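# Architecture at a glance
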Amino acid sequence: MIPIVVLSGFLGSGKTTLLQHALAYYKGQGLKPAILMNELGDVNLDGSLVNEYQAPTKEMLSGCICCTIRGDLGVELMNLAEEYNPDVIIVECTGVANPMEIVDAVTDASIYSSMILQSVITVVDARQFLDFASGHERNKSYRLMQDQLRCASKLIINKTDLLAAGELQKVQALVKELNPYALTVSTQRSDVDADTFFSIQGEDRMDVSRQKESIADSGNDHYHSENHLHAHDHGDHHHHDHDHEHGEHYHSYDHVVVHTHFFGQPVPRSEFEQLFRSLPAEIYRAKGIVRFLESEGQMMFQFAYRELEIIPIRPQKPVNDVAVVMGENFSASEIEERLRKLEASRRTVDWFMTPGTSGIYPSKHNSRANVAGKPAWGFTTILLLLTGGLMLSVTLAVMLGPVAVAPGTVWRIALSHLPWLDQWIPVTWTKPEQYIVWEIRFPRVLLGVVVGAGLAVTGAAIQALIRNSLADPYILGVSSGASVTATLVIVFGAFGFLGRLALPLSAFIGSLAAMLMVFALARVAGRISTTRLLLAGVAVSMMLSAVTNFIVTMAPNEKGIRDAMYWMMGSLAGAQWDTLLIPSLIIAAGTVVLLTRYRSLNALLTGEEAAVTLGVNVQAFRVLLVVVASLLTGAVISVSGSIGFVGLMIPHIVRLMVGSDHRRVLPVSLLAGAIFVVWADGCARLVLAPQELPIGIVTAVCGGPFFVWLLRRSSYSFGGEK
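The structure contained in this document is the topic of the report that follows. (Residues numbered from 1 in each chain as written. Predicted model: local features only at pLDDT ≥ 70, side-chain atom pairs only at ≥ 80, totals over all residues. Heavy atoms only, no water.)

## Looking at the packing of helix H13 (residues 431–466) against helix H23 (residues 662–686)
With their axes 7 Å apart at the nearest point, H13 and H23 run at an angle of 135° to one another. One way to sum up the angle between H13 and H23 is to call them oblique. Considering only the axes of H13 and H23, their crossing is right-handed. Between H13, through Arg 444, Val 445, Gly 448, Val 449, Gly 452, Ala 453, Ala 456, Val 457, Ala 460 and Ala 464, and H23, the contact on the second element is made entirely by His 662, Val 665, Leu 666, Ser 669, Leu 670, Gly 673, Ala 674, Val 677, Val 678, Asp 681 and Arg 685. (Axes fitted to C-alpha atoms, helices over the stretch in contact; angles between N-to-C directions. Helix = DSSP H or I, 4+ residues; strand = E, 2+ residues; numbered from the N terminus. Parallel < 35°, antiparallel > 145°, perpendicular 65-115°, else oblique. Left-handed = near helix turned anticlockwise from the far one by under 90°. Contact = heavy atoms within 4.5 Å.)

Right under this line is the structure:
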């Protein structure tokens, strides 16, 4: 097990000097340390200061590991461990990092690799801290310093030579008030007793129990407070190469408790779900990997905001069956007892085991009938029902209008345009009926099918990429790029040489240009993080929206303004047979690509650290997803304008139906999105006939109440039902 030491502290507190002391100590002990350094800028200036120790180093630049590049932290830790196999890893945070987020990320990595958190050492600039605490400087920086102090297991009050007489006692009192449990020392130039602060021999990995103990060292201003976090030995729960035996350990940082339990055997699924959904309110997060008696293979679970999500995984290498529980002031021993009882409960389930086999009689928990919490037998039924519903919706949408057409006539007209069938179908309809059905309504309805399918599939993929249930296909700024070029065509007649294809082709080109801008802004040091991608999308969207508004205000006539606004709210009125082929092919190809990568999408839902462990090249797959999503969105916008809520709402509905496995989510989203847009367009045509509403208004009217209803449901989670 590789211990991880986190060095925290506000800007200029002396972390790099402390890092040098730590490296010198480990080298002197004959240990091989490795370093993970984080800088907000593009250059690691501190890296040159520790080069003399020749320790393997990885740099995470242009972001803070607790927020903008947090998802990369666990990945880099695992890469560092696998590449160099160090005896200890030192993580030096940027000065504005919140250690609790880092502790969370390190805990994620510890689930999938042989590493565990050793200690969080916070360095505080005594002069700076006192100025913040005693004056008008109490701002976000001071609150961040407080968080850094609260989360520490060891504290260094540094630069005490800058304090006046009597001020050190005041700083010590303030620090003790914020964190009465940490080992604390007052010093200069980060000079501390190395054995006390850096030793990894015979010391538990922040596995602590509070004991009333007060130890003072007046010579070094070194003290333990009452209820100090006293280390105890782990015993047999320390093994390398993922060879953990059944057991547990837990960490406490003042108010924060992290408890880890290694499962020694599979557990009953129903009892597992009941246990986690009945956890005390003080527990706000749990995650891990588990095997169930009723199914084959390992499952990844996430528990947050009182919601539990379970997803099947196929690790590329052995990973532990483990549960990590985090919260504030909860009883770790009580949680451990409940987890042990859960494992013991398998004896009850064993009564129902098939004699001579490792399987069980068929039940609602059977592995073939339960993936991501939804019954497999219902998936085929749902697909058949939705396919039939789509055919019915298309038929009704073509039938309805100022001129009603019988359903039989609708399909006879349609089939008569297929090769080799026209001679077998007698003409029983009038020429006006044929023109209305084939030239006006069918292209429009089929465009609705294409648009709805594309938006829903893209929305499901984007939500998996960003791991945010409020993400939609337009979050990457693609629609804003399409709006710029489309309004140029509508208002000023640009790209007139393209004829009828000027609007869709120009919108598609604009969406691709926006995608390239987002990529250029998000890519830093050869990497693209999800947070940078989102920020770049928002920035590009705002800039291009301003350009679009400027173009509209410069319109030479009111008709241009009205047409541009109408297009930006979405419409299928311009549907033509010759504009259907290209978007249909793009959306079909994109959907196939996503379906072939459904396992990678499932892995992304569990977090980037888990995805890497499961064999996903996160960087490459992220780029692929962005490109596919942008192409799909651009293809849709080019022929329909911006239609909101479809890509946001439909994936939620689908997850309520089939769970979070993308092998099911994607095809069901495709069908459900197509049906929804067909009916939304029908309402847009008929509600105020002969006038026509923008379809975006109809989808917004449906989407708003849906999310109100969703928020009122206590049983919904991003991955499905609780």
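## What to know about the packing of helix H14 (residues 478–492) against helix H16 (residues 530–553)
The N-to-C vectors of H14 and H16 enclose an angle of 10°; their axes lie 8 Å apart at closest approach. One element, H14, and the other, H16, form an angle in the roughly parallel class. Here H14 contributes Ser 480, Gly 481, Ser 483, Val 484, Thr 487, Leu 488, Val 491 and Phe 492 to the contact with H16, which in turn contributes Ser 541, Leu 544, Ser 545, Val 547, Thr 548, Ile 551 and Val 552. The residue makeup of the contact of H14 with H16, split by class, is eight nonpolar, seven polar and no charged. (Nonpolar A, V, L, I, M, F, W, Y, C, P; charged D, E, K, R; others polar.)

## Side note on the pairing of strand S7 (residues 183–186)
In S7, alternate side chains face the same way, and those of Leu 183 and Val 185 on one face and Thr 184 and Ser 186 on the other are all buried. Sheet topology note: the strand S6 (residues 154–158)/S7 ladder contains four bridges and is parallel. Within the sheet, the bridge partner assigned to Ile 157 lies in S7 and is Ser 186. In this region the chain leaves S6, passes through helix H6 (residues 167–178) and returns to the parallel neighbour S7; the handedness of that crossover is right-handed. (Buried < 20%, exposed > 50% of the residue type's maximum accessible area, 1.4 Å probe, protein only. Pairing = 2+ DSSP bridges. Right-handed = clockwise from strand over helix to strand, strands pointing away.)

## Some points on the nonpolar core
Ranked by size, the top nonpolar core spans 104 residues in total, and within it Phe 442, Val 451, Leu 465, Leu 533, Leu 594, Leu 625 and Ile 643 carry the most contacts. Examining the composition of this core, we find that 18 residues originate from one element, H13, more than from any other. With near-sequence residues (within four places) excluded, Leu 625 lies in contact with Ala 461, Leu 465, Leu 594, Leu 601 and Leu 604. Counting residues in each nonpolar core, the second largest holds 28 residues, with Met 78, Leu 80, Cys 93 and Val 324 among its members. (Core = buried A, V, L, I, M, F, W, Y, C linked by side-chain atoms within 4.5 Å.)

## Some words on unusual backbone geometry
One non-glycine residue with positive phi stands out, namely Phe 495, at about 60°. Note on placement: Phe 495 falls in the loop between H14 and helix H15 (502–522). The phi dihedral of Phe 645 falls on the positive side, at around 75°, and the residue is not glycine. Inspection of the secondary structure assignment puts Phe 645 in the loop between helix H21 (618–640) and helix H22 (646–658). Owing to a relative accessible area of 28%, Phe 645 belongs among the partly exposed residues under this scheme.

## Quick look at a nonpolar patch on the surface
Taken together, the side chains of Ile 561, Met 565, Met 569, Ile 697 and Val 701 define a hydrophobic patch exposed on the protein surface, amounting to about 390 Å² of accessible area. Elements that contribute at least two residues to the nonpolar patch include exactly helix H17 (558–568) and helix H24 (695–712). (Patch = residues over 30% accessible without salt bridge, like charges linked within 9 Å, V, L, I, M, F, W, Y side chains within 5 Å. Areas by Shrake-Rupley, 256 points an atom, 1.4 Å probe, with all protein chains shown as cover. Salt bridge = Lys/Arg side-chain N within 4 Å of Asp/Glu carboxyl O.)

## Side note on H17
Buried residues of H17: Gly 560, Ala 564, Trp 567 and Met 568, and no others. The arc that holds the buried residues of H17, viewed along the axis, is 95°, so those residues lie on one side. In this structure, H17 carries Glu 558 and Arg 562 as exposed residues pointing more than 90 degrees from its buried face. Looking at the packing, one finds that the buried side of H17 touches H14, H15, H16 and H21. (Arc of directions from axis to C-beta.)

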